[in-house]
Amino acid sequence: MLHKLDRRLAIAPMMDRTDRHYRYFMRLISRRVLLYTEMLTTGAILHGNRERLLGYSEIEHPLALQLGGSDPEQLAVCARIAADLGYDEVNLNIGCPSDRVQSARFGACLMAESALVAACIARMRQQVNIPVTVKTRTGIDQHDSYADLVEFVRTVNTAGCDTFIIHARKAWLQGLSPKENRDIPPLQYATVYQLKRDFPGLHISINGGFTTLEQIQSQYAMVDGVMIGRAAYHDSYLLADVDAKIFGDHRTKPTRQDILDGFISYAKENIVRGACLKHMARHILGLYQGHAGARAFRRHLSEHAHKPGAGIEILIRAGMLAQIVEKNIHAQKNISAIPVHPDMHS
Ligand SMILES: Cc1cc2nc3c(=O)[nH]c(=O)nc-3n(C[C@H](O)[C@H](O)[C@H](O)COP(=O)(O)O)c2cc1C
(Lines give C-alpha, C1' and ligand atoms only; values in the text may rest on other atoms or scores of the structure.)
Protein backbone atom coordinates (compact mmCIF):
# COMPACT_ATOMS: atom_id res chain seq x y z
CA MET A 1 0.00 0.00 0.00
CA LEU A 2 1.24 3.52 -0.78
CA HIS A 3 2.22 5.35 2.37
CA LYS A 4 2.29 9.09 2.36
CA LEU A 5 5.63 10.73 2.87
CA ASP A 6 5.82 14.10 4.55
CA ARG A 7 7.63 16.15 1.94
CA ARG A 8 7.46 19.55 3.53
CA LEU A 9 11.25 19.64 3.73
CA ALA A 10 13.85 17.49 2.02
CA ILE A 11 17.62 17.49 1.76
CA ALA A 12 18.64 17.50 -1.89
CA PRO A 13 20.47 14.63 -3.54
CA MET A 14 24.11 15.68 -3.91
CA MET A 15 26.83 13.60 -5.54
CA ASP A 16 29.80 12.99 -3.30
CA ARG A 17 27.87 14.57 -0.40
CA THR A 18 24.65 12.77 0.54
CA ASP A 19 26.18 9.37 1.14
CA ARG A 20 25.09 7.21 4.04
CA HIS A 21 27.46 8.86 6.52
CA TYR A 22 26.09 12.31 5.77
CA ARG A 23 22.53 11.06 5.89
CA TYR A 24 23.09 9.45 9.27
CA PHE A 25 24.53 12.74 10.49
CA MET A 26 21.50 14.67 9.21
CA ARG A 27 19.18 12.25 10.91
CA LEU A 28 20.81 13.07 14.22
CA ILE A 29 19.80 16.68 13.60
CA SER A 30 16.27 16.19 12.23
CA ARG A 31 14.03 13.16 12.68
CA ARG A 32 11.58 14.35 10.08
CA VAL A 33 13.33 15.81 7.06
CA LEU A 34 13.14 13.62 3.95
CA LEU A 35 16.59 12.42 2.88
CA TYR A 36 17.82 11.58 -0.62
CA THR A 37 20.78 9.52 -1.72
CA GLU A 38 23.27 10.80 -4.24
CA MET A 39 22.24 10.07 -7.81
CA LEU A 40 23.05 6.46 -8.64
CA THR A 41 23.03 5.38 -12.24
CA THR A 42 21.17 2.29 -13.33
CA GLY A 43 24.48 0.93 -14.66
CA ALA A 44 26.15 1.28 -11.27
CA ILE A 45 23.29 -0.43 -9.47
CA LEU A 46 22.95 -3.27 -11.97
CA HIS A 47 26.67 -3.99 -12.24
CA GLY A 48 28.24 -2.52 -9.10
CA ASN A 49 28.56 -3.45 -5.46
CA ARG A 50 24.98 -3.08 -4.24
CA GLU A 51 25.73 -3.22 -0.55
CA ARG A 52 28.27 -0.43 -0.90
CA LEU A 53 26.05 1.68 -3.15
CA LEU A 54 22.65 1.07 -1.60
CA GLY A 55 23.32 0.07 2.00
CA TYR A 56 21.89 2.41 4.63
CA SER A 57 21.06 2.54 8.33
CA GLU A 58 17.45 2.11 9.45
CA ILE A 59 17.60 5.47 11.20
CA GLU A 60 17.82 7.17 7.77
CA HIS A 61 14.12 6.67 6.98
CA PRO A 62 12.30 8.40 5.37
CA LEU A 63 14.80 7.89 2.59
CA ALA A 64 14.54 8.27 -1.18
CA LEU A 65 16.84 6.73 -3.76
CA GLN A 66 17.65 8.98 -6.69
CA LEU A 67 18.26 7.20 -9.98
CA GLY A 68 19.96 8.39 -13.12
CA GLY A 69 19.03 6.59 -16.30
CA SER A 70 16.72 6.57 -19.31
CA ASP A 71 16.15 2.92 -20.10
CA PRO A 72 12.66 2.06 -18.86
CA GLU A 73 13.49 -1.62 -18.25
CA GLN A 74 16.69 -0.90 -16.34
CA LEU A 75 15.00 1.80 -14.31
CA ALA A 76 12.17 -0.59 -13.50
CA VAL A 77 14.62 -3.22 -12.24
CA CYS A 78 16.44 -0.61 -10.14
CA ALA A 79 13.16 0.69 -8.72
CA ARG A 80 12.28 -2.87 -7.71
CA ILE A 81 15.66 -3.30 -6.04
CA ALA A 82 15.13 -0.03 -4.15
CA ALA A 83 11.66 -1.03 -2.98
CA ASP A 84 12.89 -4.47 -1.91
CA LEU A 85 15.63 -2.82 0.12
CA GLY A 86 13.05 -0.69 1.91
CA TYR A 87 13.62 2.71 0.33
CA ASP A 88 10.58 4.96 0.78
CA GLU A 89 10.67 6.60 -2.66
CA VAL A 90 12.42 6.38 -5.99
CA ASN A 91 13.27 9.65 -7.68
CA LEU A 92 14.35 10.12 -11.28
CA ASN A 93 17.01 12.74 -11.97
CA ILE A 94 15.97 15.01 -14.86
CA GLY A 95 18.12 17.93 -13.77
CA CYS A 96 21.78 16.98 -13.96
CA PRO A 97 23.51 18.83 -16.83
CA SER A 98 26.96 17.18 -16.70
CA ASP A 99 28.59 16.14 -20.00
CA ARG A 100 28.98 12.57 -18.83
CA VAL A 101 25.31 12.31 -17.96
CA GLN A 102 24.26 13.97 -21.22
CA SER A 103 26.34 11.61 -23.31
CA ALA A 104 24.60 8.70 -21.58
CA ARG A 105 21.28 10.42 -22.45
CA PHE A 106 19.89 11.03 -19.03
CA GLY A 107 19.64 13.85 -16.51
CA ALA A 108 18.54 17.32 -17.62
CA CYS A 109 18.63 16.58 -21.37
CA LEU A 110 15.56 14.38 -20.85
CA MET A 111 13.47 17.50 -20.31
CA ALA A 112 13.28 17.55 -24.11
CA GLU A 113 12.08 13.93 -24.18
CA SER A 114 8.94 13.91 -22.09
CA ALA A 115 7.52 10.81 -23.82
CA LEU A 116 10.62 8.80 -22.89
CA VAL A 117 10.47 10.06 -19.30
CA ALA A 118 6.80 9.09 -19.17
CA ALA A 119 7.69 5.60 -20.41
CA CYS A 120 10.34 5.31 -17.69
CA ILE A 121 7.92 6.42 -14.99
CA ALA A 122 5.21 4.08 -16.22
CA ARG A 123 7.54 1.04 -16.12
CA MET A 124 8.89 1.95 -12.70
CA ARG A 125 5.39 2.38 -11.34
CA GLN A 126 4.42 -1.04 -12.63
CA GLN A 127 7.19 -2.50 -10.52
CA VAL A 128 6.77 -0.75 -7.18
CA ASN A 129 4.23 0.57 -4.73
CA ILE A 130 6.49 3.25 -3.32
CA PRO A 131 6.21 6.75 -4.84
CA VAL A 132 8.08 7.39 -8.08
CA THR A 133 8.96 11.07 -8.32
CA VAL A 134 10.88 13.42 -10.60
CA LYS A 135 13.42 16.12 -9.82
CA THR A 136 13.86 18.52 -12.68
CA ARG A 137 14.56 22.11 -13.69
CA THR A 138 12.43 24.90 -15.15
CA GLY A 139 13.92 24.25 -18.60
CA ILE A 140 17.01 23.57 -20.69
CA ASP A 141 18.69 25.55 -23.47
CA GLN A 142 16.07 26.92 -25.89
CA HIS A 143 13.55 24.49 -24.48
CA ASP A 144 12.77 26.78 -21.59
CA SER A 145 9.36 28.34 -22.07
CA TYR A 146 6.65 27.89 -19.48
CA ALA A 147 4.67 25.99 -22.14
CA ASP A 148 7.58 23.53 -22.48
CA LEU A 149 7.61 22.95 -18.73
CA VAL A 150 3.85 22.44 -18.65
CA GLU A 151 4.05 19.96 -21.52
CA PHE A 152 6.77 18.04 -19.68
CA VAL A 153 4.91 17.93 -16.38
CA ARG A 154 1.60 17.02 -18.00
CA THR A 155 3.10 14.17 -20.03
CA VAL A 156 5.02 12.74 -17.09
CA ASN A 157 2.03 13.11 -14.82
CA THR A 158 -0.06 11.11 -17.28
CA ALA A 159 2.33 8.21 -16.69
CA GLY A 160 1.55 8.36 -12.97
CA CYS A 161 4.09 10.74 -11.45
CA ASP A 162 2.33 13.20 -9.15
CA THR A 163 5.32 14.62 -7.30
CA PHE A 164 7.74 17.04 -8.93
CA ILE A 165 10.70 18.71 -7.31
CA ILE A 166 11.69 21.70 -9.35
CA HIS A 167 15.13 23.24 -9.13
CA ALA A 168 13.96 26.76 -9.94
CA ARG A 169 16.46 27.58 -12.67
CA LYS A 170 17.09 26.36 -16.18
CA ALA A 171 20.24 24.50 -17.20
CA TRP A 172 22.48 25.29 -20.13
CA LEU A 173 23.67 21.96 -21.49
CA GLN A 174 26.62 23.46 -23.37
CA GLY A 175 29.09 25.96 -22.03
CA LEU A 176 28.34 25.81 -18.30
CA SER A 177 29.76 23.31 -15.85
CA PRO A 178 27.38 21.57 -13.41
CA LYS A 179 28.61 23.93 -10.69
CA GLU A 180 27.98 27.00 -12.85
CA ASN A 181 24.57 25.59 -13.71
CA ARG A 182 23.73 25.76 -10.01
CA ASP A 183 24.57 29.45 -9.77
CA ILE A 184 24.53 31.32 -13.07
CA PRO A 185 21.05 30.75 -14.53
CA PRO A 186 18.81 33.03 -12.46
CA LEU A 187 16.36 31.60 -9.96
CA GLN A 188 12.78 31.58 -11.24
CA TYR A 189 10.66 30.94 -8.20
CA ALA A 190 7.60 32.52 -9.87
CA THR A 191 7.63 29.79 -12.53
CA VAL A 192 7.39 27.11 -9.85
CA TYR A 193 4.57 28.97 -8.07
CA GLN A 194 2.72 29.22 -11.37
CA LEU A 195 3.16 25.48 -11.92
CA LYS A 196 1.56 24.77 -8.56
CA ARG A 197 -1.35 27.07 -9.42
CA ASP A 198 -1.81 25.33 -12.78
CA PHE A 199 -1.49 21.82 -11.32
CA PRO A 200 -3.10 22.14 -7.88
CA GLY A 201 -3.50 18.38 -7.57
CA LEU A 202 0.23 17.67 -7.91
CA HIS A 203 2.78 17.85 -5.14
CA ILE A 204 5.23 20.55 -6.16
CA SER A 205 8.42 21.10 -4.17
CA ILE A 206 10.68 24.03 -4.85
CA ASN A 207 14.46 23.91 -4.76
CA GLY A 208 17.32 26.35 -5.23
CA GLY A 209 18.98 29.03 -3.16
CA PHE A 210 17.26 28.70 0.21
CA THR A 211 19.54 29.37 3.14
CA THR A 212 17.35 30.27 6.13
CA LEU A 213 14.39 28.77 7.93
CA GLU A 214 12.41 31.97 7.37
CA GLN A 215 12.88 31.72 3.61
CA ILE A 216 11.83 28.09 3.69
CA GLN A 217 8.74 28.78 5.79
CA SER A 218 7.66 31.55 3.44
CA GLN A 219 7.38 29.04 0.59
CA TYR A 220 4.49 26.99 1.97
CA ALA A 221 1.94 29.61 0.91
CA MET A 222 2.92 28.93 -2.71
CA VAL A 223 4.15 25.33 -2.94
CA ASP A 224 3.86 22.05 -1.05
CA GLY A 225 7.46 21.39 -0.15
CA VAL A 226 10.98 22.77 -0.12
CA MET A 227 14.24 21.00 -0.88
CA ILE A 228 17.55 22.41 0.30
CA GLY A 229 21.00 21.34 -0.77
CA ARG A 230 24.12 23.39 -0.21
CA ALA A 231 22.89 25.27 2.86
CA ALA A 232 22.08 21.99 4.60
CA TYR A 233 25.55 20.73 3.83
CA HIS A 234 27.55 23.79 4.83
CA ASP A 235 25.46 24.84 7.81
CA SER A 236 23.99 21.58 9.04
CA TYR A 237 22.74 22.87 12.39
CA LEU A 238 20.28 24.99 10.38
CA LEU A 239 18.19 21.84 10.40
CA ALA A 240 18.00 21.63 14.20
CA ASP A 241 14.84 23.73 14.35
CA VAL A 242 12.94 22.23 11.44
CA ASP A 243 11.24 19.42 13.33
CA ALA A 244 9.54 21.90 15.64
CA LYS A 245 9.08 24.81 13.26
CA ILE A 246 8.16 22.99 10.06
CA PHE A 247 6.89 19.57 11.11
CA GLY A 248 5.31 20.57 14.44
CA ASP A 249 7.35 17.88 16.21
CA HIS A 250 8.36 19.40 19.53
CA ARG A 251 10.59 16.66 20.90
CA THR A 252 13.79 17.99 22.42
CA LYS A 253 16.05 19.78 19.99
CA PRO A 254 19.55 18.26 19.99
CA THR A 255 22.51 20.44 20.91
CA ARG A 256 25.58 20.41 18.71
CA GLN A 257 27.28 18.29 21.34
CA ASP A 258 24.36 15.77 21.32
CA ILE A 259 24.74 15.48 17.56
CA LEU A 260 28.48 15.08 17.78
CA ASP A 261 28.11 12.42 20.49
CA GLY A 262 25.66 10.49 18.30
CA PHE A 263 28.01 10.71 15.36
CA ILE A 264 30.97 9.60 17.47
CA SER A 265 29.09 6.38 18.41
CA TYR A 266 28.26 5.85 14.75
CA ALA A 267 31.85 6.47 13.64
CA LYS A 268 33.15 4.12 16.31
CA GLU A 269 31.00 1.25 15.03
CA ASN A 270 31.99 1.94 11.45
CA ILE A 271 35.69 2.14 12.20
CA VAL A 272 35.46 -1.28 13.85
CA ARG A 273 33.97 -2.52 10.58
CA GLY A 274 36.89 -1.07 8.62
CA ALA A 275 35.63 2.38 7.58
CA CYS A 276 38.04 5.35 7.49
CA LEU A 277 37.33 8.29 9.75
CA LYS A 278 38.04 10.78 6.95
CA HIS A 279 35.09 9.50 4.89
CA MET A 280 32.76 10.25 7.78
CA ALA A 281 34.37 13.32 9.34
CA ARG A 282 34.33 15.35 6.12
CA HIS A 283 30.54 15.62 6.31
CA ILE A 284 30.41 17.18 9.73
CA LEU A 285 32.73 20.13 9.10
CA GLY A 286 29.71 22.44 9.04
CA LEU A 287 28.30 21.40 12.42
CA TYR A 288 29.60 24.47 14.25
CA GLN A 289 29.05 26.91 11.35
CA GLY A 290 28.13 30.33 12.71
CA HIS A 291 29.37 29.32 16.17
CA ALA A 292 32.47 30.82 17.78
CA GLY A 293 34.27 27.45 17.73
CA ALA A 294 33.58 26.70 14.06
CA ARG A 295 37.11 27.34 12.86
CA ALA A 296 38.81 25.35 15.58
CA PHE A 297 36.43 22.46 14.96
CA ARG A 298 36.94 22.45 11.19
CA ARG A 299 40.67 22.90 11.43
CA HIS A 300 41.17 20.02 13.84
CA LEU A 301 39.13 17.67 11.67
CA SER A 302 40.80 18.79 8.44
CA GLU A 303 44.27 18.40 9.87
CA HIS A 304 43.84 15.06 11.63
CA ALA A 305 40.89 13.02 10.35
CA HIS A 306 42.68 11.86 7.18
CA LYS A 307 45.69 10.44 9.00
CA PRO A 308 46.14 6.67 8.89
CA GLY A 309 44.60 5.05 11.93
CA ALA A 310 42.66 8.20 12.91
CA GLY A 311 39.96 7.30 15.40
CA ILE A 312 37.09 8.89 17.23
CA GLU A 313 39.44 10.77 19.57
CA ILE A 314 39.82 13.25 16.68
CA LEU A 315 36.08 13.93 16.76
CA ILE A 316 36.05 14.18 20.55
CA ARG A 317 38.93 16.63 20.55
CA ALA A 318 37.43 18.75 17.75
CA GLY A 319 34.25 19.09 19.81
CA MET A 320 36.25 20.01 22.92
CA LEU A 321 38.16 22.68 21.01
CA ALA A 322 34.93 24.18 19.72
CA GLN A 323 33.56 24.30 23.27
CA ILE A 324 36.74 25.86 24.67
CA VAL A 325 36.71 28.63 22.08
CA GLU A 326 33.04 29.27 22.77
CA LYS A 327 33.62 29.40 26.55
CA ASN A 328 36.61 31.73 26.20
CA ILE A 329 34.67 34.13 24.03
CA HIS A 330 31.81 33.99 26.46
CA ALA A 331 34.16 34.63 29.38
CA GLN A 332 35.82 37.54 27.57
CA LYS A 333 32.42 39.04 26.88
CA ASN A 334 31.52 38.67 30.55
CA ILE A 335 34.82 40.25 31.63
CA SER A 336 34.35 43.22 29.33
CA ALA A 337 30.79 43.56 30.59
CA ILE A 338 31.99 43.97 34.22
CA PRO A 339 31.76 47.70 35.02
CA VAL A 340 35.17 49.13 35.86
CA HIS A 341 35.20 50.80 39.29
CA PRO A 342 36.91 54.24 39.22
CA ASP A 343 39.35 53.08 41.96
CA MET A 344 40.58 50.28 39.70
CA HIS A 345 42.19 52.79 37.34
CA SER A 346 44.50 54.19 39.99
C1 LIG B 1 27.94 18.89 -4.84
C2 LIG B 1 26.56 18.80 -5.44
C3 LIG B 1 26.15 17.61 -6.01
C4 LIG B 1 24.88 17.51 -6.56
N5 LIG B 1 24.44 16.28 -7.02
C6 LIG B 1 23.15 16.14 -7.42
C7 LIG B 1 22.61 14.86 -7.71
O8 LIG B 1 23.26 13.82 -7.59
N9 LIG B 1 21.32 14.81 -8.14
C10 LIG B 1 20.53 15.93 -8.26
O11 LIG B 1 19.36 15.83 -8.62
N12 LIG B 1 21.02 17.14 -7.96
C13 LIG B 1 22.28 17.28 -7.52
N14 LIG B 1 22.74 18.49 -7.12
C15 LIG B 1 21.83 19.65 -7.17
C16 LIG B 1 21.08 19.79 -5.85
O17 LIG B 1 20.26 18.67 -5.62
C18 LIG B 1 20.21 21.07 -5.86
O19 LIG B 1 19.27 20.95 -6.89
C20 LIG B 1 21.04 22.32 -6.08
O21 LIG B 1 22.20 22.34 -5.28
C22 LIG B 1 20.21 23.58 -5.76
O23 LIG B 1 19.78 23.59 -4.43
P24 LIG B 1 20.51 24.47 -3.30
O25 LIG B 1 20.59 25.87 -3.83
O26 LIG B 1 19.63 24.35 -2.09
O27 LIG B 1 21.86 23.89 -3.11
C28 LIG B 1 24.01 18.62 -6.56
C29 LIG B 1 24.44 19.82 -5.99
C30 LIG B 1 25.70 19.91 -5.41
C31 LIG B 1 26.11 21.21 -4.76
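Rules used in this analysis
Residues numbered from 1 in each chain as written. Predicted model: local features only at pLDDT ≥ 70, side-chain atom pairs only at ≥ 80, totals over all residues. Domains from an automatic or database assignment. Contact = placed C-beta atoms within 7 Å. Helix = DSSP H or I, 4+ residues; strand = E, 2+ residues; numbered from the N terminus. Nonpolar A, V, L, I, M, F, W, Y, C, P; charged D, E, K, R; others polar. Buried ≥ 20, exposed ≤ 12 C-beta atoms within 10 Å, placed from the backbone. Pairing = 2+ DSSP bridges. Near = placed C-beta within 6 Å. Axes fitted to C-alpha atoms, helices over the stretch in contact; angles between N-to-C directions. Parallel < 35°, antiparallel > 145°, perpendicular 65-115°, else oblique. Left-handed = near helix turned anticlockwise from the far one by under 90°.

Student: Which residues make up the domain arrangement of the protein, and what values do they have?
Tutor: Looking at the assigned domains, one finds that the protein contains domain 1 (9-245) and domain 2 (256-337). Just the C-alpha atoms count here: the centres of domain 1 and domain 2 sit 31 Å apart. With 11 residues of domain 1 in contact, the opposing surface of domain 2 contributes 13 residues. Of all the secondary-structure elements, those providing two or more residues to the side of domain 1 that touches domain 2 are helix 1 (20-29) and helix 10 (230-234). If you tally residues by element for the side of domain 1 that touches domain 2, the top one is helix 1, at 6 residues. Among the residues forming the side of domain 1 that touches domain 2, the class breakdown is 7 nonpolar, 3 polar and 1 charged.

Student: If you had to explain the pairing of strand 2 (residues 35-41) to someone new, which residues and values would you point to?
Tutor: Among the 7 residues in strand 2, 6 count as buried, and that is most of the element. In this sheet, strand 3 (residues 63-68) lies alongside strand 2 in parallel orientation, the contact comprising 5 bridges. Bridge pairing in strand 3 places Met39 opposite Gln66.

Student: Summarise the site of the ligand; cite the residues concerned and give the values.
Tutor: Neighbouring the ligand are 23 residues, the closest being Ala12, Met14, Met39, Gly229 and Arg230. A per-class count over the shell around the ligand returns 9 nonpolar, 8 polar and 6 charged.

Student: Quick one: what's the story with unusual backbone geometry, residue by residue and with numbers?
Tutor: Cis geometry marks the peptide bond from His61 to Pro62, where omega comes out at -5 degrees. Mapped onto the elements, Pro62 comes out in the loop between helix 3 (50-54) and strand 3.

Student: Go over the pairing of strand 3 with me, naming the residues and quoting the values.
Tutor: Of all 6 residues in strand 3, 6 are buried; the element is thus mostly enclosed. Residues Leu63, Leu65 and Leu67 of strand 3 are buried on one face, and the alternating residues Ala64, Gln66 and Gly68, pointing to the opposite face, are buried as well. With 4 bridges joining them, strand 3 and strand 4 (residues 89-94) adopt parallel strand pairing. Within strand 4, the residue paired with Leu67 across the bridge is Leu92.

Student: Could you give an account of the environment of Gly208, with specific residues and numbers?
Tutor: Within the secondary structure, Gly208 sits in the loop between strand 7 (203-207) and helix 9 (213-217). The spacing of Gly208 and Tyr189 is 19 residues in sequence and 8.6 Å in space, taken between C-alpha atoms. Not counting chain neighbours up to four residues away, the residues in contact with Gly208 comprise His167, Ala168, Arg169 and Leu187.

Student: Just give me the short version of the sheet that holds strand 4, but keep the residues and values in it.
Tutor: Read from one edge to the other, the open sheet built from 8 strands follows the order 1-8-7-6-5-4-3-2, with strand pairing classed as parallel. Here the strands that pair on one side only, and so sit at the sheet edges, are strand 1 (9-11) and strand 2. Sheet twist, expressed as the average angle between the axes of neighbouring strands with direction ignored, equals 25 degrees. In this structure, strand 4 lies alongside strand 5 (residues 132-137), joined through 5 bridges in parallel fashion. Looking at the pairing, Val90 lines up with Val132 of strand 5.

Student: Please set out the environment of Gln289 residue by residue, giving values where relevant.
Tutor: Take Gln289: it is sitting in the loop between helix 13 (277-281) and helix 14 (294-304). Taking the C-alpha atoms as reference points, Gln289 and His234, separated by 55 residues in sequence, lie 7.4 Å from one another. Non-local contacts of Gln289, meaning those with residues more than four positions away in its chain, are made with His234, Asp235, Tyr237 and Ala294.

Student: Help me get a handle on the packing of helix 6 (residues 114-127) against helix 7 (residues 146-158), residues and values and all.
Tutor: Helix 7 packs onto helix 6 with a crossing angle of 25 degrees between their chain directions and a minimal axis gap of 8 Å. In this view, helix 6 runs roughly parallel relative to helix 7, as classed from their interaxial angle. Our pair here, helix 6 against helix 7, has a crossing hand that is right-handed. Of helix 7, the residues touching helix 6 (which contributes Ser114, Ala115, Val117, Ala118 and Ile121) are Glu151, Phe152, Thr155, Val156 and Thr158. Looking at side-chain class alone, the contact of helix 6 with helix 7 contains 6 nonpolar, 3 polar and 1 charged residues.

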